[in-house]
Amino acid sequence: MSQFELAEPKSLSEALSLLDRHDPAIRPIGGGTALMLMMKAQIFKPIRLVSLRHLGAPFKGLSLSEDGSHLLVGAMTTFSELEHSPLVQMHHPVVVKTMRTLANVRVRNVATVGGNLAHGDPHLDLPPVWTALAAAVRVVSRTGERVIPVEDIFAGYYETTISDGELIAELRVPVRPTWRSIYVKVTTRATHDWPALGIAVSAEFVGMRVQDLRIVLSAALDKPTRLVAAEQALRGQDLDERSLVRAGDAAVAEVDIETDSRGSAAYKTHLLRVHLARAIQSIAGA
Ligand SMILES: Cc1cc2nc3c(=O)[nH]c(=O)nc-3n(C[C@H](O)[C@H](O)[C@H](O)COP(=O)(O)OP(=O)(O)OC[C@H]3O[C@@H](n4cnc5c(N)ncnc54)[C@H](O)[C@@H]3O)c2cc1C
C-alpha cells in the first residue's frame, strides 16, 4: 500500500475543507471496508483519507424527525446499529432482516450507511431497499446542501452523482405505516454471499388490491433500478395470477439484464420472474 495522510477532523467545516472536489485521490472514509480492499488491490491510491468518525450530528444518530414522518439515519451509523435499533425494527423491519444475510458481523460492525451508498457497487443489498422505501440523502458541501432521492445517487457501475467535494450526511426514510416491504436476496452459493439478484418491493394494499408500490432490481444491471413498467402493471390492480404474470412480463421487458460471475442473463431473467411474483405475494398476504 502506498503512503497517504489520514486526517481526523473534529468538525464538519474542517472535514469539508480537507476534501477537494477536483482530486479523486482525496476521499472521505466511513467504515473503510470497501476502501481498504481497493487500496490493498492497488485499484485506489489515496493521497489523503478524511475520516468522518469524529463528526457528530447529523452524521451520527438514529432518530425520528420531530413530526414523526421520517426515520433519520446518520451517515456514520453502522450496519450493526441499524440491525439492533428498536426504531428501525418498529418502522422498517425489512432493513433489520436485510442485515441478517449481509456480509458478516465484523463487516457489519464497521461498515456505514453513508459509505455503502457512496460506494456505488450495484451488488450491494441496502441501496435497493432504501430506494423501495423512497428514502433520500442529505448531502453537504462547502457551498451548501442538497437532498437527493436515493434512486438518483447511482449513475452506473461504481459511479454516483455525489461529487468529490460532497459528503452524505444523513439518510431520511419516510415512515409509512400502511406500507409493507420485502427484500429478496437470491444467492447461488452461501446465504451471506453477494446476490445473483436482489429484489426490493414496498407496497400498500387495500385487501388484495395494490394501491401503490415501488419495485427495485439490483445485482443484475449497472445500478439499482426501479422497475416502473412492472409497477405500472400492478398499480390499482387486484393481485392475482394474471396481474402477477403481466408484472413479470413487464419487468423482464424493461431491463437488459447482464451476465456476471453469479449467473447468466437468462438465468437472472428467470429468477426475476419467479422471485418478483413470490415477493409481492408474500407481503400481500402478510
Ligand atoms: C468481506 C466482505 C463481505 C461483504 N459482503 C456484502 C454483502 O453480502 N452485501 C452487501 O451489500 N455488501 C457487502 N459488503 C460490502 C459492504 O457493504 C461495503 O463495503 C460497505 O457498505 C461500505 O461501507 P464503508 O462505510 O465501509 O465504506 P468505506 O469503505 O469507508 O467507503 C466506501 C466509499 O464511500 C465513500 N464514502 C464513505 N463515507 C462517505 C460519506 N459519508 N459521504 C460520501 N462518501 C463517503 C468513500 O470515499 C468510498 O469511496 C461486504 C464487504 C466485505 C469486506
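Chemist: Quick rundown of helix 10 (residues 241-254)? Include the residues and the values.
Modeler: For helix 10, built from 14 residues, the straight-helix expectation of 20 Å at 1.5 Å per residue is met to within 8% by its first-to-last C-alpha distance of 20 Å. Inspection of helix 10 places S243, L244, A247, G248, A250, A251 and V252 among the buried residues, and these make up the whole buried set. Looking at the buried positions of helix 10, the neighbouring elements they touch are helix 9 (228-234) and helix 11 (265-284). The backbone nitrogen of R242 lies 3.2 Å from a side-chain oxygen of the residue at the head of helix 10, namely D240.

Chemist: Please set out the environment of T131 residue by residue, giving values where relevant.
Modeler: Within the secondary structure, T131 is located in helix 8 (residues 126-132). When residues no more than four places from it in sequence are discounted, the contact partners of T131 are V150, E151, R214, V216 and R226.

Chemist: Please set out helix 11 residue by residue, giving values where relevant.
Modeler: For an α-helix, 3.6 residues make a turn, and residues three or four places apart therefore share a direction. The end-to-end C-alpha separation of helix 11 is 28 Å, in line with the 28 Å expected for 20 residues at 1.5 Å each. Along helix 11, the residues that are buried comprise A265, K268, L271, L272, H275, L276, A277, A279, I280, I283 and A284. On its buried side, helix 11 packs onto strand 11 (179-186), strand 12 (197-206), strand 13 (209-218), helix 9 and helix 10.

Chemist: Mind laying out the pattern of salt bridges, listing which residues take part and the relevant values?
Modeler: Per the counting criterion, the structure on display carries 17 salt bridges. D125 is paired through a salt bridge with K185; the nearest N and O atoms lie 2.8 Å apart. Of this pair, D125 sits in the loop between helix 7 (113-119) and helix 8 while K185 is found in strand 11, placing the two residues 60 residues apart along the sequence. No difference in accessibility class separates D125 from K185, as the two residues are buried. One salt bridge in this structure joins R273 and D249, with 2.7 Å as the shortest N-O distance. A residue pair is termed long-range when its members are at least 10 positions apart, and R273 in helix 11 and D249 in helix 10 qualify at 24 residues. Within the structure, one salt-bridge network assembled from shared partners comprises E151, D212, R214, R226, E231 and R235.

Chemist: Could you give me a rundown of the domain arrangement of the protein chain, with the residues and numbers involved?
Modeler: Taken domain by domain, the protein chain consists of domain 1 (5-51), domain 2 (62-174) and domain 3 (179-284). The C-alpha centroid of domain 3 is placed 35 Å from the C-alpha centroid of domain 1.

Chemist: Let's hear about the side chain of H119: which residues, and what values?
Modeler: Mapping H119 onto the fold places it in helix 7. Of the residues examined, H119 reaches a relative accessible area of 19% and is grouped as buried. The contacts of H119, once residues within four sequence positions are left out, are A34, M38, L124 and Y158.

Chemist: Residue-level account of the sheet that holds strand 13, with values.
Modeler: Pairing between the strands of a sheet comes from backbone hydrogen bonds, and it takes one of two forms, parallel or antiparallel. Pairing within the open sheet is antiparallel, and its 4 strands lie in the order 11-12-13-14. Of all the strands in the sheet, just strand 11 and strand 14 (225-226) have a single pairing partner and so form its edges. When strand 13 meets strand 14, the two strands line up antiparallel, connected through 2 bridges. In the strand pairing of strand 14, V216 is matched with R226. On the sheet, helix 11 packs against strand 11, strand 12 and strand 13 and is oriented at approximately 30° with respect to strand 12.

How each quantity is defined
Residues numbered from 1 in each chain as written. Predicted model: local features only at pLDDT ≥ 70, side-chain atom pairs only at ≥ 80, totals over all residues. Heavy atoms only, no water. Helix = DSSP H or I, 4+ residues; strand = E, 2+ residues; numbered from the N terminus. Expected span 1.5 Å × (residues − 1). Buried < 20%, exposed > 50% of the residue type's maximum accessible area, 1.4 Å probe, protein only. Contact = heavy atoms within 4.5 Å. Polar contact = N/O pair within 3.5 Å; in protein donor to acceptor, adjacent residues only side chain to side chain. Salt bridge = Lys/Arg side-chain N within 4 Å of Asp/Glu carboxyl O. Domains from an automatic or database assignment. Pairing = 2+ DSSP bridges. Axes fitted to C-alpha atoms, helices over the stretch in contact; angles between N-to-C directions.

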